[in-house]
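Overview (structure and organization)
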Amino acid sequence: MRTIKTSDIVDAVADMCIKANTELPDDVRAKLEQAMAEETSASAKEVLRQLLENADLSAKTKLPLCQDCGLAVYFVEIGQDVHVDGNLDEAINEGTRKGYADGYLRKSACNPLTRANTGDGTPAVIHYDFVPGDKLKIVYMAKGGGAENMSRVTMLAPAQGWEGIKKFVIKRVAEAGPNPCPPTVIGIGVGGTFDHAAKIAKKALIRRLDDTHPDPEIAAKEQELEDALNSLGIGPMGLGGKTTVLSVKLAMEPCHLASLPLAVNVQCHSQRHEEVVL
Amino acid sequence: MAEYKLNTPLTDADMAQLKAGDVVFLTGYIYSARDAAHKKLVDLLDAGKELPFKLEGAAIYYVGPSPAPPGRPIGAAGPTTSYRMDSYAPRLYSLGLKATIGKGKRDAATRQAMQDHTAVYFGATGGAGALLSNSIVKSTVIAFDELGPEAIREMQVQDFPLLVINDSHGGELYAVPDLKAAGVE
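These numbers come from a predicted model, not from an experiment.

The residue after A:Pro182, namely A:Pro183, is reached through a cis peptide bond having omega 5°. With respect to the secondary-structure elements, A:Pro183 resides in the loop between helix H6 (161-176) and strand S7 (184-192). Going from B:Thr8 to B:Pro9, the amide bond is cis rather than trans, its omega being -5°. Relative to the elements of secondary structure, B:Pro9 occurs in the loop between strand S1 (3-7) and helix H1 (12-16). Even without being glycine, A:Arg115 reaches a positive phi, approximately 65°.

Below, the discussion takes up the side chain of A:Lys202. All names here are of chain A. Structurally, the position occupied by Lys-202 is in helix H7 (residues 194-204). Classification of Lys-202 as buried rests on a relative accessible area of 10%. Discounting chain neighbours no more than four positions away, the residues touching Lys-202 are Val-73, Phe-75, Met-141, Lys-143, Glu-148 and Asn-265.

Our focus in this paragraph is helix H3 (residues 42-61) of chain A. Taking 1.5 Å of rise per residue, 20 residues should cover 28 Å, and H3(A) covers 28 Å from first to last C-alpha, within 8% of that figure. Buried within H3(A) we find A:Ala44, A:Val47, A:Leu48, A:Gln50, A:Leu51, A:Leu52, A:Asn54, A:Ala55, A:Leu57 and A:Ser58. Considering only its buried residues, H3(A) is in contact with helix H1 (6-22) and helix H2 (26-38) of chain A together with helix H5 (129-133) of chain B. Looking at the residues trailing H3(A), positive phi occurs at A:Lys62, about 70°.

This next bit is on the packing of aromatic side chains. Under the counting rule described, the total for this entry stands at three aromatic pairs over all chains. On the numbers, 5.2 Å between centres and 65° between planes, the contact of B:Tyr61 with B:Phe160 is edge-to-face. Taken as a pair, B:Tyr61 in strand S3 (residues 59-61) and B:Phe160 in strand S7 (residues 152-166) lie far apart in primary sequence, 99 residues in all. The ring of A:Trp162 carries A:Lys221 above its face, with NZ or CZ at 5.1 Å from the centroid. The ring centre of B:Tyr121 lies 4.7 Å from the NZ or CZ of B:Arg106, which sits over that ring.

Looking now at the confidence of the model for chain B. Predicted coordinates in areas of low pLDDT are best not read in detail. The share of residues in chain B with pLDDT of 70 or more is 100%, and the mean pLDDT across the chain is 97. Reported for the predicted complex are a pTM of 0.96 and an ipTM of 0.95.

All names here are of chain A. Here we have four strands laid out as an open sheet, ordered S4-S2-S5-S10, and mixed in their pairing. Looking at the sheet topology across the chains shown, the edges are occupied by strand S4 (125-131) and strand S10 (273-277). For this sheet the average axis-to-axis angle between neighbouring strands, irrespective of direction, equals 15°. Both strand S2 (residues 71-79) and S4 contribute to a ladder of seven bridges, which runs parallel. In the sheet register, Glu-77 faces S4, and the bridge partner there is Asp-129. Packed on one face of the sheet, H1 meets S2, strand S5 (136-143) and S10 and runs near 35° to S5. Sitting on the sheet, H7 touches S2, S4 and S5, and the angle it makes with S2 is about 95°.

Moving on: the packing of H2(A) against H3(A). All names here are of chain A. Where H2 meets H3, the axes come as close as 9 Å, and the angle between the chain directions of the two elements is 150°. One way to sum up the angle between H2 and H3 is to call them roughly antiparallel. Judged by the twist between their axes, the crossing of H2 over H3 is left-handed. Along the contact surface, H2 presents Arg-29, Leu-32, Glu-33, Ala-35, Met-36 and Ala-37, while H3 presents Lys-45, Leu-48, Arg-49, Leu-51, Leu-52, Ala-55 and Asp-56. Class assignment of the residues belonging to the contact of H2 with H3 gives a composition of eight nonpolar, no polar and five charged.

Turning next to the pattern of salt bridges. Residue and element names in this part refer to chain A. Following the criterion strictly, the structure yields 32 salt bridges over all chains and no others. Residues Glu-222 and Arg-207 are paired through a salt bridge, measuring 2.8 Å at the closest nitrogen-oxygen approach. Here Glu-222, found in helix H8 (residues 216-230), pairs with Arg-207, found in the loop between H7 and H8; they are 15 residues apart in sequence, far enough to count as distant. Classification of Glu-222 as buried rests on a relative accessible area of 5%. A single salt-bridge network, built from bridges that share partners, covers Glu-77, Asp-129, Lys-199 and Lys-203.

Moving on to the interface of chain B and chain A. Facing the 44 residues of chain B at the interface are 42 residues of chain A. Between chain B and chain A, the buried area comes to about 3,300 Å², and carbon and sulfur atoms account for 63% of it. Our count for the chain B to chain A interface comes out at zero salt bridges. Our count for the chain B to chain A interface comes out at 16 residue pairs in polar contact (both at pLDDT 80 or more). Of all the secondary-structure elements, those providing two or more residues to the side of chain B that touches chain A are H5 and S7 of chain B. In terms of residue count, H5(B) provides more of the side of chain B that touches chain A than any other element does, four residues in total. For the side of chain B that touches chain A, the class distribution of residues is 25 nonpolar, 13 polar and six charged.

The rules behind the values
Residues numbered from 1 in each chain as written. Chains lettered and ligands numbered in written order. Predicted model: local features only at pLDDT ≥ 70, side-chain atom pairs only at ≥ 80, totals over all residues. Heavy atoms only, no water. Helix = DSSP H or I, 4+ residues; strand = E, 2+ residues; numbered from the N terminus. Buried < 20%, exposed > 50% of the residue type's maximum accessible area, 1.4 Å probe, protein only. Contact = heavy atoms within 4.5 Å. Expected span 1.5 Å × (residues − 1). Phe/Tyr/Trp six-rings, centres within 6.5 Å; stacked < 30°, edge-to-face > 60°. Lys NZ or Arg CZ within 6 Å of the ring centre and 35° of its normal. pLDDT = per-residue confidence, 0-100. Pairing = 2+ DSSP bridges. Axes fitted to C-alpha atoms, helices over the stretch in contact; angles between N-to-C directions. Parallel < 35°, antiparallel > 145°, perpendicular 65-115°, else oblique. Left-handed = near helix turned anticlockwise from the far one by under 90°. Nonpolar A, V, L, I, M, F, W, Y, C, P; charged D, E, K, R; others polar. Salt bridge = Lys/Arg side-chain N within 4 Å of Asp/Glu carboxyl O. Buried area = accessible area lost by both parts, 1.4 Å probe. Polar contact = N/O pair within 3.5 Å; in protein donor to acceptor, adjacent residues only side chain to side chain.

Here it is as structure tokens:
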């Protein structure tokens, strides 16, 4: 049994919040540069150029990439041989408070009905998984409201199959249009239950944009969806062009024989996330 | 696609010349207001009270900036998604508001209000919050401080880069998704 101090967790989480909100990930930058080279329309190129200039400015000034620093979402993998010397949930929330305060990040958590801001960016949304080993892995994701609002969960009939999934995803992205700051990253969860599909769709968004799914059949489906979505012609900021999505990430798990749960989680182009292993 | 430099307060003549696709560099004073602030503005109107800023000739920026770090007038300040303000926008346009600034689609009633009242909808680049903050030289909270990021700010802007998305003649810049090309009829 290995003991991890909550103070180390607080500091690591605070650092991740700040870094993710001010430094565009390398894989995202590479995709934006590639898209800029491939776009032929002037407005599409100009939007992509602005996004790259914005990233340069954030890295230099430490201003957040986007004023919407998101709701703090975490995926935590807890090794079975790890002991935390206090309350893990509270440590992650405390790290969030510290990161959002120290980094001058916008605190966007509020009461759903009164809309009163909680004032400190918490509570965070935290997903826990137990894994073998003696390490603690924490992935932070800044989930902005504009893109999140364009996400949907639906329960398809089993007979609708892959064609039904594809149709729903395409229609959702088409309907979202310019709203979520395209080019977007699309996380898709198929299977499990109503709630689980949404969770795996969101977790799929933490993959690198330039990776290939280890299952070649799923990798082919991701490419099929990416090609279809990019043929919609929505383009950067909805002004037209070849780049409507930067990547599609698909997660599939078994489901009930009566069900075909499908979740589409839309993420904005900056795909802000960070991870730490303690 | 023409390019214009405009100053606030905006006039009918300023707005009438603009066409979807035109680029505008805006200088002067604009006001931040988003979800909760819009509700409060409309509550004030319903109660017959004065608004914290003059709507006539004004531009509202749908933004909730991040906090200003030391030495800067404002934090990151890019646009938020505009459709959430569509239930309020036609009324504000009818009272003299000349422009709104945001990202994403507007509903039919809001687009119609722009035609009826010679007003426009500008797009700013979503997610370019750090870059856009460079055009904001001063920012002061003038109402609803309790709303935090959603408070109403008077912002002094210099050559704020905007794109006309919806003009006052019914024109719209956004691409229409090609469902057929994507394999969906």
